[in-house]
Amino acid sequence: MTAWTVMLRGIRYRAGRSFVVFLLAVTATTAAVLTPAYSRAAQQSVLTDGLSVASTDATGLTVGAQGTKDSAAYLDLAEIRLATNAALDQDQLLADRLDRPVAAIDTEVTYAEAGARLAYRQDVCGQLELAGACPDNPGEVAVSRRTADAHHLKPGDPLVVHLGPAGAGRDKTFKITGLYTPKDADAAYWGRTAYFSAGSGGDGERADALFSLTEDDLRAEPAATLSTRLEYPLRAGRVRLDDVAGLRASLRTLADRMRGRELEVTTTLPSVLQGIDADQGAIARTAPVIAVPLLLLCWFVLFLLVASLTEERGPEIALAKLRGYPAGRAARFGLGEVLLLTAAAVPVGLVAGLGLVQVAAGALLAPGVHAELRWPVLAAAGIALLAGVVAALLAARATLARPVLGLLRRVPERGGWKAGLAEGVVVALAAASLVAAAGDRTSPLALLAPPLLALVLGIAAARLLGLWSVARLRLARRRGRIVPLLSAAQLSRRPGGQRLVVVVTVAVALLSFAATAWDVAARARGDAAEDAVGAQRVYTVNAPHPDALEAAVAKADPGGHAMAVVRASQRFDNAPVELLGVQADRLADVAVWRGHSREQVGAIAARLHPAAADPLRLGRELSAEVSVDALPARPALRLAAIVADPGQPPRTVTLGPLAKGTHSYHAALVGCAAGCRLIGLAVGRAAGGSDPFAVTVAVRGLTSDGGPLSPGFDLAGRWLARPAAAGRATVTVRAGAALGIDVSGSDPADAVVEHVDTPDTLPAVLAGGAPTDDARAAAFSLPGFSDQPQPFTVADRADSLPRAGRRAVMFDLDYATRMAERTASLADNGNLRYEVWAGAGAPADLGARLGAQGVQVLGTESIDGFTDRLARGAPALGLWLYLLAGGAAILLALGVVLLSAYVGVRARLYELAALRVAGVRAGQLRRALFREYRALLGLPLVVGLAAGIAGALVMLPGIPLVSVGEPAGSFSYEPGFGALPVALGLTVLGLLVTVALVLRLLGRATPARLRDGAQ
């Protein structure tokens, strides 16, 4: 009989035990393969997601030129395409990852006193809803419906367009063939060019693009500056991890080649890839931290497996030695079965690991990501096999080296000094890791603190269980209680019990740590999404000015579940301060402000918008009834009104020269069709100069478009004098039935009396210190929506503001706009950023409604979308690996429990059968077995759970949970239905099922076994 025959028959004879050994070896190999395979897939997912989430213009590539007649910008697009194709033919890597380009030419033109863009864009008519024909022929253009309505244009009309700069160039007449509306103004097709920007300048002098499908129409004027280009979108799904370095090199090479043709290559793809590198690096750093404890646990399980099996076969090895087997042959006889099963498990574990990663990729990772069979995966499987062989040799060495009499002994040997030394080393490493964690939680040694802590607690629990069993055995013997006696006796003399306690403790600790970290991270991601987005949905928009945005929102959502928001940034003490202007009356129904209830937000909103006078809205004309009792002979004086059209700077409109007596002064308000606001009244010289004068004016009434205004002349403080810039005039205001204005001095500037329709200072909610020398100051000045400092008072303080962070100022948009419009134009303020925040009750098609009101939607964010994006980032993907590793550890622990039952099962059944014959009832035996396993598994379950949660509490503040490079800091954990209770429930269920299988196995202890003498 050959050695192979003996091994195969032994495996068949011990089929149940062999199957458990095989499963354990498969699980160990799967766990070893899991880390490199999942890490690779997660890094690919981060790359694919990062490229997909980034805008097309950020990841795409543009080849072209900008300039006048003598530049490459006047080349035919076909020539540029041929040159680019020739360069790409030499670089197949880059060529295969670029999609078909979109050819485009555009130049700035003017028509009908409006600036616009004359554009050629390949296949543009397919992206437009056209009323009329596509401008296919020379001299034809398509005009937007919005522009056509503003300038009373229709298909068939001629349109005179000025090509080239003002004062040069020439006029060209085009025929309007159709009126268009873009099907999707935010589509990737349009690239980064703003074609639909009517009114973006705020002064009615900007129109949407004119589209022509004839390239020569744009080249008609040599002085015109053209932007000619090919825009190549990136095929993000085709970019693999191995392509990244090559892509960077290819982009540099292409830029050098095209520069020789006077063409410029423009792309931000390298910077996008650089941002993705941070997430990939985080996953690469996380994997070893997870792999080390898991692989050590696998190695220890294999060690226990071989040690238990070899010890069980001690009598057979003794018989082999008695029959003359040499030491080497006896060793092969003792180790052959387990080594064969371990080797057979490697390919199965490899396939299982890759399959598990593939399932995880389909459920968690980006579309198109798959498990890859690469050398690190094969190396991990090889290491698992090597570890199994080494564990087998080390575990079997002590048993195989025993003499024959030692192998035939049935009393297990006591642990020696080597075990105590190993435990001391583990304790020392755990202490070192905790010290490292106290200094820096991100260090590699500190990250091993949780598993090492679990291992120390597992050893302590095993020792404690041994001492408790001995004490319990003595107590049960004195009292004569059979069930505690049997369970305590088995626990006190069981050779593998303490090792089993260590394995289960470490496995439960790994899983509970991972589950706790996942629950905390999930809560942190939700909080981060709420803080970052600020409302259920946020639309980034392009609006002419704040008033226009407020009007558009009011029409798009009359129910009040959306609000206009205007943002700006200022700097104080070399740090940015975010400014947030919100519609306070809608804030409570829209904003998602973590830590604040709707009632609390409503109370804050009320403080942001204290009562103030309504603005004085004007129509197309303004009249004032004024009395002048005494008028100086010189200089000639005039009465004027300071008015502001929404978004425009204030302007002075002369009402007429002052004359003695009571007169009505009148002025037409040109350009106030949208409704101007009366800022104030001015008294000044009609012809300039600096001669001193004194005059008293009584303003008795104001009317606009024939209707009286409510100026509140009788209310003190409603009208106030604006301080003179040079301080050379004295202006006094007297409230009453008529507004008295006394002016004296020699200031050449007008004396201005302003209508007060805002608070004296702007109430604000402050996050962070006040932007002044005293961080706790209750008032400060800061430029708001204009270049002039605005006074603020702190109405409330908060740790952070929605969508603005921990250093920000929130205030009422309406009041801030009124204050800014007293001195500045908001339409041409490039520092302002416009958004629309939508609450849960806002219309689902709010974006389309805003577009219908002339507000271009540039982008959309939502809390759910932001949370999903965070869940696909590096920290979340790393935590999934933690969970998978914890699950693998629990499977290993369950396998060890089953193995402990199968090893020596024949002798155990013989003992139980003897106890049955001796008079012990079957129920007592079952209760003793259940009590034994309750102690053997219950203690490590509790200790492991506590160790995992404690490790999480210690380590999580220093671990990035939401975004790379940002440790969690403070975090909150609220008990609920999350990963931890699910993991705990499944673990308990698995242990109960395992115990049930053990009880069923030992239920075969019948008296019939004594007749066979099987032990």
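Owing to the predicted nature of the structure, the values given are computational and were not obtained by experimental measurement.

Enquirer: So what exactly am I meant to see when it comes to the overall build of the chain here?
Expert: When helices and strands are tallied, the chain shows 29 helices and 31 strands. When burial is assessed residue by residue, the chain has 51% of its 1015 residues classed as buried. Total accessible area on the chain stands at roughly 44300 Å², and carbon and sulfur atoms take up 57% of it.

Enquirer: Mind showing me how you'd approach the nonpolar core here?
Expert: Nonpolar side chains in soluble globular proteins tend to be buried together. Counting 83 residues, the largest nonpolar core has L297, L587, W593, V765, L801, M810 and W837 as the members making the most contacts within it. It is helix α18 (residues 497–533) that contributes the most residues to this core, 19 residues altogether. In this view, V765 contacts W593, I604, L608, D796, A798, L801, A808, V809 and M810; residues no more than four positions away in its chain are not counted. If you look at the next biggest cluster of nonpolar residues, it comprises 82 residues, including A37, L94, L263 and V265.

Enquirer: Please explain the environment of R776 as it appears in this structure.
Expert: By secondary structure assignment, the location of R776 is in the loop between β26 (762–767) and β27 (779–783). When the C-alpha positions of R776 and V794 are compared, they lie 9.6 Å apart, and in sequence the two are 18 residues distant.

Enquirer: Hey, could you run me through the environment of R803 in this one?
Expert: Within the element layout of this structure, R803 appears in the loop between β28 (789–798) and β29 (808–812). Along the backbone, R803 and A535 are 268 residues apart, and their C-alpha atoms lie at a distance of 8.4 Å. Not counting chain neighbours up to four residues away, the residues in contact with R803 comprise D531, A532, V533, G534, V538, T540, R567, E835, W837 and E861.

Enquirer: Please explain the pattern of salt bridges as it appears in this structure.
Expert: Side-chain pairs of opposite charge can arise where the charged atoms are in close proximity. For the coordinates displayed, the defined rule picks out 36 salt bridges. In this structure, the salt-bridge partner of R117 is E108, at a minimum N-O distance of 3.7 Å. We classify E108 as partly exposed; its relative accessible area is 37%. Between R374 and D242 there is a salt bridge, with its nearest N and O atoms 3.2 Å apart. Within this pair, whereas R374 is found in the loop between α11 (327–364) and α12 (375–400), its partner D242 is found in the loop between β9 (226–232) and α8 (244–259), the two being separated by 132 residues in sequence.

Enquirer: Any chance you could explain the packing of aromatic side chains here in plain terms?
Expert: Aromatic ring pairs are defined here through the distance separating the ring centres and the angle between the ring planes. In the structure shown here, the tally under the stated rule is 14 aromatic pairs. Residues Y195 and F211 carry aromatic rings whose centres are separated by 5.5 Å and whose planes lie at 45 degrees to one another, so their mutual orientation is tilted. A residue pair is termed long-range when its members are at least 10 positions apart, and Y195 in the loop between β7 (170–182) and β8 (210–211) and F211 in strand β8 qualify at 16 residues. For the pair Y195 and F211, one class covers both residues: buried. Between the NZ or CZ atom of R525 and the centre of the ring of W518, over which it lies, the distance is 4.6 Å.

Enquirer: How do you make sense of the packing of helix α4 (residues 77–88) against α8 when you look at a structure like this?
Expert: Geometry of a packed helix pair, given as the angle between the helix axes and the separation of the axes. Running from amino to carboxyl end, α4 crosses α8 at an angle of 140 degrees, the nearest separation of the two axes being 10 Å. The pairing of α4 with α8 is recorded here as oblique in orientation. In terms of crossing hand, the pair formed by α4 and α8 is right-handed. In this structure, α4 contributes A83, T84, A87 and L88 to the contact, and α8 contributes L254, R257 and M258.

Enquirer: Sorry, what's going on with the sheet that holds strand β30 (residues 833–838) here?
Expert: In a beta sheet, neighbouring strands are held together by backbone hydrogen bonds and run either parallel or antiparallel to one another. Spatially, the 9 strands line up as an open sheet ordered β27-β28-β26-β29-β13-β12-β30-β11-β31, and their pairing is mixed. At either end of the open sheet lies a strand with only one pairing partner, and these are β27 and β31 (856–862). Recorded for the sheet is a direction-independent mean angle of 35 degrees between the axes of neighbouring strands. As defined by bridge partners, β27 adjoins β28 across 5 bridges and the pair is classed as antiparallel.

Enquirer: I would appreciate a short explanation of the pairing of β26 in the present structure.
Expert: Across a regular strand the side chains alternate sides, sitting on one face of the sheet and then on the other. Most of β26 sits inside the fold, with 6 of its 6 residues counted as buried. Here β26 shows a buried face lined by L762, A764 and L766 and a second buried face lined by P763, V765 and A767. Here 4 bridges tie β26 to β29, and the two strands are oriented antiparallel to one another. What sits directly across from A767, in β29, is A808.

Enquirer: I would appreciate a short explanation of the pairing of strand β16 (residues 637–644) in the present structure.
Expert: In terms of burial, β16 is a largely internal element, 8 of the 8 residues being buried. Taking every second residue as pointing to the same face, both faces of β16 are buried, with L637, L639, A641 and V643 on one and R638, A640, I642 and A644 on the other. Taken together, the 8 bridges between β16 and strand β19 (residues 676–685) define a ladder with antiparallel strand orientation. If you follow A644 over to β19, its bridge partner there is R677. In this sheet, strand β17 (residues 651–657) lies alongside β16 in antiparallel orientation, the contact comprising 6 bridges. Paired with I642 across the strands is T652, a residue of β17. Taken together, β16 and the strand that follows it, β17, pair antiparallel across an intervening segment of 6 residues, in which G647 is found at a positive phi of about 85 degrees.

Enquirer: Just checking my understanding: could you explain helix α24 (residues 863–871) for this structure?
Expert: Of the positions making up α24, those classed as buried are I863, F866 and L870. All buried residues of α24 lie within an arc of 65 degrees about the axis, which places them on one face of the element. Of the residues in α24, the exposed ones pointing more than 90 degrees away from the buried face are D864 and D868.

Enquirer: Got a minute to help me understand the environment of R499 in this structure?
Expert: The topology assignment puts R499 in helix α18. Considering only alpha carbons, one finds R499 and I459, 40 residues apart in sequence, at a separation of 8.2 Å.

Enquirer: Could you clarify how one ought to interpret unusual backbone geometry in this entry?
Expert: The bulk of non-glycine residues show a negative phi, and the bulk of peptide bonds are trans. One non-glycine residue, D123, lies in positive phi territory at about 60 degrees. Mapped onto the elements, D123 comes out in the loop between β3 (114–121) and β4 (128–132). Classification of D123 as exposed rests on a relative accessible area of 55%. Its identity as a non-glycine residue notwithstanding, E262 has a phi of 65 degrees, on the positive side. Looking at where E262 falls in the secondary structure, it is placed in the loop between α8 and β10 (264–266). Exposure remark for E262: the relative accessible area of 58% places this residue in the exposed category.

Enquirer: Honestly, the confidence of the model for the chain in this entry has me stumped. Any pointers?
Expert: Detailed reading of the predicted coordinates is not advisable wherever pLDDT is low. With 78% of its residues at a pLDDT of 70 or more, the chain shows a mean pLDDT of 79. Below pLDDT 50 for its whole length, residues 200–204 participates in 11 contacts with residues either more than four positions away or in separate chains. Within the model, the stretch residues 414–421 combines pLDDT values under 50 with 1 contact to residues more than four positions away or in other chains.

Enquirer: Looking at this structure, I do not really get a nonpolar patch on the surface. What am I missing?
Expert: On the surface, a nonpolar cluster with roughly 430 Å² of combined accessible area is contributed by V982, L986, L989, V993 and L997. By the secondary structure assignment, V982 is in helix α28 (residues 979–1002). Under the relative-accessibility criterion, V982 is labelled partly exposed at 33%.

Enquirer: When you look at the packing of helix α19 (residues 546–556) against helix α22 (residues 813–821) in this model, what are you seeing that I'm missing?
Expert: Contact geometry of α19 with α22 gives a least axis separation of 10 Å together with a crossing angle of 150 degrees. In this view, α19 runs roughly antiparallel relative to α22, as classed from their interaxial angle. For the pair α19 and α22, the sense of crossing is left-handed. Here P546, D547 and E550 of α19 lie close against α22, whose contacting residues are L813, D814, T817 and E821. Here the contact of α19 with α22 is built from residues that sort into 2 nonpolar, 1 polar and 4 charged.

Enquirer: I keep staring at α19 and nothing clicks. Help me out?
Expert: Residue pairs spaced three or four apart in an α-helix point in one direction, given the helix's 3.6 residues per turn. Those residues of α19 lying buried are P546, D547, L549, E550, A552, V553 and A556. In this structure, the buried side of α19 is in contact with β11 (537–542), β12 (562–572), α20 (584–590), α22, β30 and α23 (846–852).

So, how was this worked out
Residues numbered from 1 in each chain as written. Predicted model: local features only at pLDDT ≥ 70, side-chain atom pairs only at ≥ 80, totals over all residues. Heavy atoms only, no water. Helix = DSSP H or I, 4+ residues; strand = E, 2+ residues; numbered from the N terminus. Buried < 20%, exposed > 50% of the residue type's maximum accessible area, 1.4 Å probe, protein only. Areas by Shrake-Rupley, 256 points an atom, 1.4 Å probe, with all protein chains shown as cover. Core = buried A, V, L, I, M, F, W, Y, C linked by side-chain atoms within 4.5 Å. Contact = heavy atoms within 4.5 Å. Salt bridge = Lys/Arg side-chain N within 4 Å of Asp/Glu carboxyl O. Phe/Tyr/Trp six-rings, centres within 6.5 Å; stacked < 30°, edge-to-face > 60°. Lys NZ or Arg CZ within 6 Å of the ring centre and 35° of its normal. Axes fitted to C-alpha atoms, helices over the stretch in contact; angles between N-to-C directions. Parallel < 35°, antiparallel > 145°, perpendicular 65-115°, else oblique. Left-handed = near helix turned anticlockwise from the far one by under 90°. Pairing = 2+ DSSP bridges. Arc of directions from axis to C-beta. pLDDT = per-residue confidence, 0-100. Patch = residues over 30% accessible without salt bridge, like charges linked within 9 Å, V, L, I, M, F, W, Y side chains within 5 Å. Nonpolar A, V, L, I, M, F, W, Y, C, P; charged D, E, K, R; others polar.

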